[in-house]
Protein chains: 2
Amino acid sequence: MGLIKSEKFTKEQNTIALFAKAFGHPARVAIIQHLFEINSCVCGDLVNQIGLAQPTISQHLKELKTLGLIKGSVEGTSVCYCIDPENWKSMKTVLFAFLNEDTINHGDCC
Amino acid sequence: MGLIKSEKFTKEQNTIALFAKAFGHPARVAIIQHLFEINSCVCGDLVNQIGLAQPTISQHLKELKTLGLIKGSVEGTSVCYCIDPENWKSMKTVLFAFLNEDTINHGDCC
DNA sequence: TTCATTAATCGTAACATTGCAATAAACAAA
DNA sequence: TTTGTTTATTGCAATGTTACGATTAATGAA
């Protein structure tokens, strides 16, 4: 049916999935990487950096913004985007806890 | 258009996105968590554990299997699934490198 | 062989995602 | 005000994802 049955899962599982989904598209990965690479805000050159149309980039930025991973501030005619350090940190805590579950239980089976 | 323009991005960015997408659904998160929790293989009770229909679970298992994160072995009438430790490890290396990019550059801006 | 059990596959409906052209909105400069 | 620049929004087409009923395949038990 195309819609996820979120009520079948725990809040934690849904949160993990939401964060993971944010990185489930290479354009959003590229945006985040570019933000870390230039080590400051990105003001306008994202469309040139990534080869997608302006409305498409805008849409990906909106998704990352809605999740709180990035924040934008208006600077004249352009908008400057950067990572939201606190939300990034808490996202990492959630994902790391999940990805590190193999270190708690390390069953060699099969 | 619904299709990702992978050719616009690096191999690394596409790999990160593929792994992240695997965890972009709570059912697949739940499957992985259950595999770690019981600390061994899961033989058949996944449909009861998670509240989705058998074909749906089978589909999610297939995705995780295609990515190499889990592996299944036939045991009589049932199939036993468990994490593939080596592929899990290399997936973690890729995702951790991405998620830890904030520790390399820690620009306070905006 | 026949029956029961379990998992995979097929087919399909409903909804989501991706991408972009066109347009609108917001602002600075002339 | 008008013009140019930049980003957001709208609308839509193409494709992908999710979910499950029905069926098939494979195996063990009777």
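Parameters at a glance
- Residues numbered from 1 in each chain as written.
- Chains lettered and ligands numbered in written order.
- Predicted model: local features only at pLDDT ≥ 70, side-chain atom pairs only at ≥ 80, totals over all residues.
- Heavy atoms only, no water.
- Pairing = 2+ DSSP bridges.
- Helix = DSSP H or I, 4+ residues; strand = E, 2+ residues; numbered from the N terminus.
- Contact = heavy atoms within 4.5 Å.
- Axes fitted to C-alpha atoms, helices over the stretch in contact; angles between N-to-C directions.
- Near = heavy atom within 4 Å.
- Polar contact = N/O pair within 3.5 Å; in protein donor to acceptor, adjacent residues only side chain to side chain.
- Nonpolar A, V, L, I, M, F, W, Y, C, P; charged D, E, K, R; others polar.
- pLDDT = per-residue confidence, 0-100.
- Least-squares fit on C-alpha atoms with pLDDT ≥ 70 in both.
- Buried area = accessible area lost by both parts, 1.4 Å probe.
- Salt bridge = Lys/Arg side-chain N within 4 Å of Asp/Glu carboxyl O.

Under the annotation held in an unreviewed UniProt entry, chain A carries the name Metalloregulator ArsR/SmtB family transcription factor and is attributed to Lacinutrix neustonica.

## Concerning the sheet that holds strand β3 (residues 78–83) of chain A
Residues and elements named next belong to chain A. With antiparallel pairing, 3 strands are arranged side by side in an open sheet as β1-β3-β2. On the outer flanks of this sheet lie β1 (42–43) and β2 (70–75), each paired with one strand and no other. Across 6 bridges, the pairing between β2 and β3 is antiparallel. For Glu75, the partnering residue across the bridge sits in β3 and is Ser78. Lying over the sheet, helix α2 (residues 26–37) contacts β1, β2 and β3, oriented at roughly 85° with respect to β3. Sheet strands touched by helix α4 (residues 54–67): β2 and β3. Its angle to β2, the strand with the most contacts, is close to 115°.

## Here we look at the protein's contact with DNA strand C
In the region of DNA strand C, 29 residues are neighbours, and Met1 of chain A together with Met1, Gly2, Lys5 and Tyr81 of chain B sit closest. Counting only the atoms of DNA strand C within 4 Å of the protein, the fraction contributed by sugar and phosphate is 57%. Contact distances for DNA strand C include 2.5 Å between a base nitrogen and a backbone N or O atom of Met1 of chain A. In the model, a phosphate oxygen of DNA strand C is placed 2.6 Å from a nitrogen or oxygen of the Lys5 of chain B side chain. Taken together, the elements giving at least two residues each to the surface near DNA strand C come down to α4 of chain A together with α4 (54–67) and β3 (78–83) of chain B. A total of 5 residues in the surface near DNA strand C trace back to one element, the largest contributor, which is α4 of chain A. Taken together, the residues of the surface near DNA strand C sort by class into 11 nonpolar, 13 polar and 5 charged.

## A look at the environment of Thr15 of chain A
Residues and elements named next belong to chain A. Tracing the backbone shows Thr15 in helix α1 (residues 11–22). In sequence terms Thr15 and Val94 are 79 residues apart; their C-alpha atoms lie 8.0 Å from each other. Among the polar contacts made by the side chain of Thr15, one reaches the main-chain carbonyl oxygen of Lys11 at a distance of 2.8 Å.

## Considerations on the confidence of the model for chain A
When the pLDDT values of chain A are averaged, the result is 91; 94% of them are 70 or greater. Within chain A, β1 of chain A has the poorest average pLDDT of any element, 74, and α1 of chain A the best, 98.

## A look at the protein's contact with DNA strand D
Not every one of the 29 residues close to DNA strand D is listed here, only the nearest: Met1, Gly2, Lys5 and Tyr81 of chain A together with Met1 of chain B. The protein-proximal atoms of DNA strand D, defined as those within 4 Å of the protein, are 58% sugar or phosphate. Within the side chain of Gln54 of chain A, a nitrogen or oxygen atom sits 2.7 Å from a base nitrogen of DNA strand D. One nitrogen or oxygen atom from the side chain of His60 of chain B is found 3.0 Å from a phosphate oxygen belonging to DNA strand D. In terms of residue count, the dominant contributor to the surface near DNA strand D is α4 of chain B (5 residues). Looking at side-chain class alone, the surface near DNA strand D contains 11 nonpolar, 13 polar and 5 charged residues.

## Observations regarding the relation of the copies chain B and chain A
Structural alignment of chain B on chain A gives an RMSD of 0.1 Å, achieved by rotating through 180° and translating 0.0 Å along the axis. Here the two chains are linked by the operation of a two-fold rotation axis. By residue overlap, the copies meet face to face through one surface: 100% of the interface positions of chain B are interface positions in chain A.

## A word on the interface of chain B and chain A
How big an interface is tends to be reported as the loss of accessible area on association of its parts. Each partner contributes residues to the interface: chain B has 45 residues there, and chain A has 45 residues. Taken together, both faces of the contact between chain B and chain A bury some 4,000 Å²; the carbon and sulfur share is 69%. Among the residues chain B hides against chain A, the three largest losses belong to Gln33, Phe98 and Leu99 of chain B. Together they make up 15% of the total. Joining chain B to chain A, the criterion identifies 2 salt bridges.

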